[in-house]
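Survey of secondary and tertiary structure
Letter by letter, the chains look like this.
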Amino acid sequence: MQYLSTRGQISPIPFSQAVMMGLAEDGGLLLPRTIPRIGTDTFASWQKLSYAELAFEVMSRFVDDIPVSDLKDIINRSYATFTAKEVTPVVHLGDLHILELFHGPTLAFKDIALQFLGNIFEYLLSRDQGVLNILGATSGDTGSAAIYGVRGKERINIFILHPHQRVSPVQEKQMTTVLDANVFNIAIRGSFDDGQAIVKKIFNDLEFKAKYRLGAINSINWARVLAQVVYYVRSCLHVSAHEKDSSVDFAIPTGNFGDIFAGYIAKKMLPPGTIRQLVLATNDNDILARFVTKGDYSQATVKITSSPSMDIQAASNFERYLYYLLDSDPARTRELMEEFGKNGKIDLSGHHEQIRRDFVATAVSEQEVRETIAAFYQEHEYILDPHTAVGVKAAQKFKTVGVPMVCLATAHPAKFGAVVEEAIGKLPDVPLALAGIMEKPSRCELMDAEKGKIQAFVAEKSATAFNNG
Ligand SMILES: *Cc1c(COP(=O)(O)O)cnc(C)c1O
């Protein structure tokens with residue numbers, strides 16, 4: 001399988017290169033040249049596969065430059081770290097199916113992609129004798145999932161900036177209690193935006209970037225999308241086995257459009273009609289809901305909500321969908337993305353019919369999030385985290401009788417205990433992964449939010465770590 005850029009200005013590259021490139025060198029995003037189609041018989045034959053076996057069947061159709069046994073091994077190791085035997089179990093509650101994606105080491109769905117990405121990086125770097133210094137800024141969740149994805153790996157260092165005392169105490173501990181020698185946490189005196197701005201500036205310093213082999217871990221890496229396609233396929237198999245139904249709907253709490261884009265790929269791959277409807281759910285940061293309902297893709301200021309991982313006003317994976325919406329026209333995609341960069345908005349109302357065939361959408365308010373957590377607990381004694389609650393509320397709105405609805409549960413409620421407590425009057429049980437975390441020893445560097453200081457730190461630590469390893 002070859003990979004192309006949405007902006008059309010790189011020559012086709014194989015999977016391995018697409019993973020290492022991350023963002024395409026022409027500023028676009030990478031996509032497979034074609035989306036493989038799965039026939040009805042093949043699909044039915046997957047019914048009894050384990051998660052890892054199914055992941056291999058799905059992923060191997062997009063990967064042809066890693067030997068079969070190596071790819072199988074990478075997949076097996078990536079999902080062996082999950083505490084649920086089924087990796088992504090489905091729970092049936094009332095007329096909804098809750099797809100639990102939070103059984104990985106950091107209790108959020110990002111583990112599913114980042115455990116895999118970390119192992120792919122390690123494999124490719126060792127094969128090609130390369131090294132990588134991952135640099136990123138986090139507002140909380142992605143940082144810990146990325147750290148857990150690469151902790152202890154040879155040839156990789158990871159530097160994660162977080163705003164000092166502005167992430168939750170649990171989130172901070174999830175990052176700073178990882179004591180492996182290749183993990184460097186930096187608390188900056190400043191905001192998440194300050195951290196993000198520094199990281200951007202360092203990546204724009206091309207000489208520094210090349211010299212220290214800097215790499216990113218944000219959600220634009222194709223390998224992350226690919227890993228997420230798997231659980232859509234698995235849930236369709238699971239639900240159709242239970243309900244003898246050929247069509248399934250999904251509700252997806254959405255921020256950067258990565259998770260729902262994986263659903264869009266799954267919908268195209270699977271036999272027609274297997275996935276009927278993708279419900280896009282946002283919190284008060286409703287840019288994507290406005291896009292689906294009106295074709296209006298225009299940025300507003302970011303609002304802080306109880307589902308912080310979705311407090312986003314420029315969805316980094318959106319360009320991938322835009323490219324398909326524009327009939328795979330890279331010149332037009334580039335033009336519109338440049339327009340968005342300049343004006344913070346683009347008008348896609350002319351494509352309204354197609355958009356509505358691909359998605360339905362709604363925005364969910366803060367009050368509705370709390371009400372949904374409370375009502376769901378009362379009815380089912382099941383605790384939703386605030387992100388999942390956004391999806392469940394949207395699912396209830398779009399649920400059609402006779403069509404199973406799968407709600408993606410993207411985080412464990414214990415990660416967002418304070419909001420849950422407000423809604424139901426008690427804290428969720430603390431899972432093993434978080435037990436005693438506040439008392440564990442931690443390591444973190446507190447620094448001023450200055451590009452030069454961060455750069456000097458990266459330069460010093462990366463050199464030492466690789467010389468020793
Ligand atoms: C990242 C995240 C989301 C949003 O997923 P996207 O792929 O960015 O749309 C939803 N819920 C949780 C808990 C997350 O961490």
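Relevant structure appears above.
If you're wondering where the values come from, they're calculated on a predicted model, not measured in any experiment. (Residues numbered from 1 in each chain as written. Predicted model: local features only at pLDDT ≥ 70, side-chain atom pairs only at ≥ 80, totals over all residues. Heavy atoms only, no water.)

**Examining the overall build of the chain**
The secondary structure content of the chain amounts to 19 helices and 16 strands. For the chain, whose C-alpha radius of gyration is 21 Å, the value lies close to the compact-globule estimate of 23 Å for 469 residues. By its C-alpha atoms, the chain is 60 × 55 × 50 Å across when sized along the principal axes. Within the chain, buried positions represent 58% of all 469 residues. Long-range contacts, defined as pairs at least 24 residues apart, comprise 75% of the intrachain contacts of the chain with a sequence gap of at least 6. Counting only carbon and sulfur atoms, one obtains 49% of the accessible surface of the chain, whose full area is about 19,000 Å². (Helix = DSSP H or I, 4+ residues; strand = E, 2+ residues; numbered from the N terminus. Rg over C-alpha atoms; globule rule 2.2 N^0.38 Å. Buried < 20%, exposed > 50% of the residue type's maximum accessible area, 1.4 Å probe, protein only. Contact = heavy atoms within 4.5 Å. Areas by Shrake-Rupley, 256 points an atom, 1.4 Å probe, with all protein chains shown as cover.)

**Quick look at helix α12 (residues 287–294)**
Most of α12 sits inside the fold, with 6 of its 8 residues counted as buried. Listing the buried residues of α12 in full gives Ile287, Leu288, Ala289, Arg290, Phe291 and Val292. For α12, the elements touching its buried residues are β11 (275–282), β12 (296–298), α13 (318–325), α14 (330–343), α15 (352–358) and β14 (360–363). Just downstream of α12, glycine 295 is the residue with a positive phi angle, here 75 degrees.

**Comments concerning the site of the ligand**
In the vicinity of the ligand, 15 residues are found, and the nearest of them are Lys110, Gly255, Asn256, Asp259 and Thr410. At a separation of 2.5 Å, an oxygen atom of the ligand approaches a polar side-chain atom of lysine 110. In this structure, phenylalanine 257 approaches the ligand through a main-chain N or O atom, which is 3.0 Å from an oxygen atom. In isolation the ligand has 380 Å² of accessible area, and contact with the protein removes 98% of it. Split into classes, the residues belonging to the shell around the ligand amount to 5 nonpolar, 7 polar and 3 charged. (Near = heavy atom within 4 Å. Polar contact = N/O pair within 3.5 Å; in protein donor to acceptor, adjacent residues only side chain to side chain. Nonpolar A, V, L, I, M, F, W, Y, C, P; charged D, E, K, R; others polar.)

**Brief notes about the environment of arginine 320**
Within the element layout of this structure, arginine 320 appears in helix α13. Among the residues examined, arginine 320 registers a relative accessible area of 0% and is labelled buried. At 2.9 Å, the side chain of arginine 320 forms a polar contact with the backbone oxygen of leucine 30. Within the local environment of arginine 320, its side chain forms a polar contact with the backbone oxygen of isoleucine 220, the two atoms lying 2.8 Å apart.

**Brief notes about the packing of aromatic side chains**
Per the stated rule, a full pass over the model turns up 27 aromatic pairs. Judged by centre distance (5.2 Å) and plane angle (90 degrees), the rings of tyrosine 264 and tyrosine 321 are edge-to-face. Note that tyrosine 264 is positioned in helix α11 (residues 258–269) and tyrosine 321 in helix α13, a separation of 57 residues in sequence. On the basis of relative accessible area, tyrosine 321 is assigned to the buried category, the value being 0%. Linked through ring pairs, Phe257, Phe261, Tyr264, Phe291, Tyr297, Phe318, Tyr321, Tyr323, Tyr324, Phe340 and Phe359 together constitute an aromatic cluster. The ring of phenylalanine 56 is capped by lysine 72, whose NZ or CZ atom sits 4.8 Å from the centre of that ring. Its guanidinium or amino end placed over the ring of tyrosine 324, lysine 268 lies 5.9 Å from that ring's centre, counting from NZ or CZ. (Phe/Tyr/Trp six-rings, centres within 6.5 Å; stacked < 30°, edge-to-face > 60°. Lys NZ or Arg CZ within 6 Å of the ring centre and 35° of its normal.)

**Here's the deal with the packing of helix α3 (residues 51–60) against helix α10 (residues 222–243)**
Two elements in contact, α3 and α10, have axes separated by 9 Å at closest approach and are oriented at 120 degrees. For the pair α3 and α10, the sense of crossing is right-handed. Judged by residue contacts, Tyr51, Leu54, Ala55, Val58 and Met59 of α3 engage Leu226, Ala227, Val229, Val230, Tyr231, Val233, Arg234 and Leu237 from α10. Of the residues belonging to the contact of α3 with α10, the class tally is 12 nonpolar, no polar and 1 charged. (Axes fitted to C-alpha atoms, helices over the stretch in contact; angles between N-to-C directions. Left-handed = near helix turned anticlockwise from the far one by under 90°.)

**Some points on the pairing of strand β1 (residues 2–5)**
It is a general feature of regular strands that their side chains alternate between the two faces of the sheet. Alternating residues of β1 divide into Tyr3 and Ser5, all buried, and Gln2 and Leu4, none buried. Pairing of β1 with strand β2 (residues 13–14) involves 2 bridges; the strand directions are antiparallel. Its bridge partner being in β2, tyrosine 3 is matched across the sheet by isoleucine 13. (Pairing = 2+ DSSP bridges.)

**Here we look at unusual backbone geometry**
At glutamine 165, a position not held by glycine, the phi torsion is positive, near 60 degrees. Within the secondary structure, glutamine 165 is located in the loop between β7 (156–163) and α7 (169–176). Looking at glutamine 165, the relative accessible area reads 62%, which means it is exposed. The phi angle at phenylalanine 257 is positive, at roughly 70 degrees, despite the residue not being glycine.

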